[in-house]
Amino acid sequence: MRHFGHLAPEVRQRLFHREPCVFDADSPARLLSAALGATLYSPATRPRLAEDVLKQAGRGVVSMVLCLEDSIGDEDVAQGEENLVRQFTDLAGRPGADVPLLFIRVRTPEQIPDLVRRLGPAARLLSGFVFPKFTEERGIPFLEALAGAEAASGRRLFGMPVLETPELMYRESRVDALEGIARAVEKYRSRVLALRLGVTDFCSSYGLRRAPDMTAYDVQIVASVIADVVNMLGRADGSGFTVTGPVWEYFRVPERMFKPMLRHSPFLEGQAVELREKLIEHAMDGLLREISLDHANGLLGKTCIHPSHVPAVHALSVVSHEEYSDAADILRPERGGGGVLRSAYTNKMNEVKPHRAWAERTMLRAEVFGVAHEDVSFVDLLAAGIPG
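Attention here is on the structure that accompanies the text. (Residues numbered from 1 in each chain as written. Predicted model: local features only at pLDDT ≥ 70, side-chain atom pairs only at ≥ 80, totals over all residues. Heavy atoms only, no water.)

### A short note on the environment of Phe369
Consideration 1: Take Phe369: it is sitting in helix H16 (residues 352-369).
Consideration 2: Taking C-alpha positions, Phe369 is 7.3 Å from Ala35, a pair spaced 334 residues apart along the chain.
Consideration 3: Discounting residues that sit within four places of it in the chain, Phe369 has contacts with His3, Phe4, Phe16, Pro20, Ala34, Gly37, His314, Ser317 and Val318. (Helix = DSSP H or I, 4+ residues; strand = E, 2+ residues; numbered from the N terminus. Contact = heavy atoms within 4.5 Å.)

And the structure:
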């Protein structure tokens, strides 16, 4: 699979200075953690789940979570498990089918070995599990169960803890909670693919819900948690993990209080005025701003609950030609001693030592999402990625 692989080769050639790389479920963990992109969630009870998975893969989705937790009722868990086994078996019986990275969001640690056993040979399509409401105390049993299921199946399996408990919201318990999470994930580092943020649960601790014209970063109490999670768990010194962005809840806005957050000019230049209107109508201007703020705050990838959000996440994850040029200059071997240089675009200072970690992360993102041509904007990428 590859990002933008659903586009025709000639379209990719027109858009990309350097095309996204090809990867699969057996690729190195560092690559996969950056390549998750827009991780689309789906209830595990959907009767045509196998068809849905293939349909979304054909539209550019490379990672999905099939959910047995909050998205279904307590009374539907057993039926959801049975459906997952049927649907995985269906997918496994389609040789050559383009299947994205598939994860199951479970409720209890005991579900992990049970589901792997019940999936049988179809478990080869499973990339791992998502652990809800992760803390040190709750999380260790999930990680131990994952390690046991991996050993029993002979299949590499990853875990993605969701950080969403009140202990992380409350100021008096936050540092202790983060230190505990850090201990748990460090112990099982090779099995933790990424950390996911459950901002909806964060908001529920205070009876809050962000409006479609506000981002998670406008809700200050939530923004403070994101900052502390990145501070302690997303460092660039080798100790950190990929931290993914929060879910965007809206598909359409009947009425808005504030002006749209999308400027006219990029869409005029790209002759995409109708696209701008469509994005605003479906609350996508808020999503685009939040994705940009995710990147600015050290997050990569995003939880998505609607397919229409996927092209936006991927379009804004592509590295611009200017970013690529700066990163390449900073990482030149002869720059190893440090120093300051003017960017090739002559509009900024590149300071080699302080900007090196940024450059390395940018190059990893360039590998998985590609580098746009100099004259290609996010509007061009977004327009190309939206299904016709």
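### Overview of a nonpolar patch on the surface
Consideration 1: Together, Tyr170, Tyr206 and Leu208 make up a nonpolar patch on the protein surface, roughly 250 Å² of accessible area in all.
Consideration 2: Tracing the chain through its elements places Tyr206 in the loop between helix H9 (199-204) and helix H10 (220-233).
Consideration 3: With relative accessibility at 36%, the residue Tyr206 sits in the partly exposed group. (Patch = residues over 30% accessible without salt bridge, like charges linked within 9 Å, V, L, I, M, F, W, Y side chains within 5 Å. Areas by Shrake-Rupley, 256 points an atom, 1.4 Å probe, with all protein chains shown as cover. Salt bridge = Lys/Arg side-chain N within 4 Å of Asp/Glu carboxyl O. Buried < 20%, exposed > 50% of the residue type's maximum accessible area, 1.4 Å probe, protein only.)

### A look at the sheet that holds strand S8 (residues 243-244)
Consideration 1: Pairing is parallel across the open sheet formed by eight strands, whose spatial order is S8-S7-S6-S5-S4-S3-S2-S9. Two strands in the sheet have a free side with no partner beyond their single neighbour: S8 and strand S9 (302-304).
Consideration 2: Of the pairings in the sheet, the one linking strand S6 (residues 158-163) to strand S7 (residues 195-197) comprises two bridges and is parallel in character. Paired with Val162 across the bridge in S7 is Arg196.
Consideration 3: Contacting strand S3 (63-67), strand S4 (101-105) and strand S5 (126-131), helix H4 (residues 77-92) runs over the sheet at an angle of about 170 degrees to S4. (Pairing = 2+ DSSP bridges. Axes fitted to C-alpha atoms, helices over the stretch in contact; angles between N-to-C directions.)

### Observations regarding the packing of aromatic side chains
Consideration 1: What the rule picks out here adds up to five aromatic pairs.
Consideration 2: For the ring pair Tyr170 and Tyr206, a centre distance of 6.2 Å and an interplane angle of 80 degrees mean the geometry is edge-to-face. Taken together, the residues Tyr170 in the loop between helix H7 (166-169) and helix H8 (171-187) and Tyr206 in the loop between H9 and H10 connect sequence positions 36 residues apart.
Consideration 3: A cation sits over an aromatic face here: Arg189 above Phe241, 4.2 Å from the ring centre. (Phe/Tyr/Trp six-rings, centres within 6.5 Å; stacked < 30°, edge-to-face > 60°. Lys NZ or Arg CZ within 6 Å of the ring centre and 35° of its normal.)

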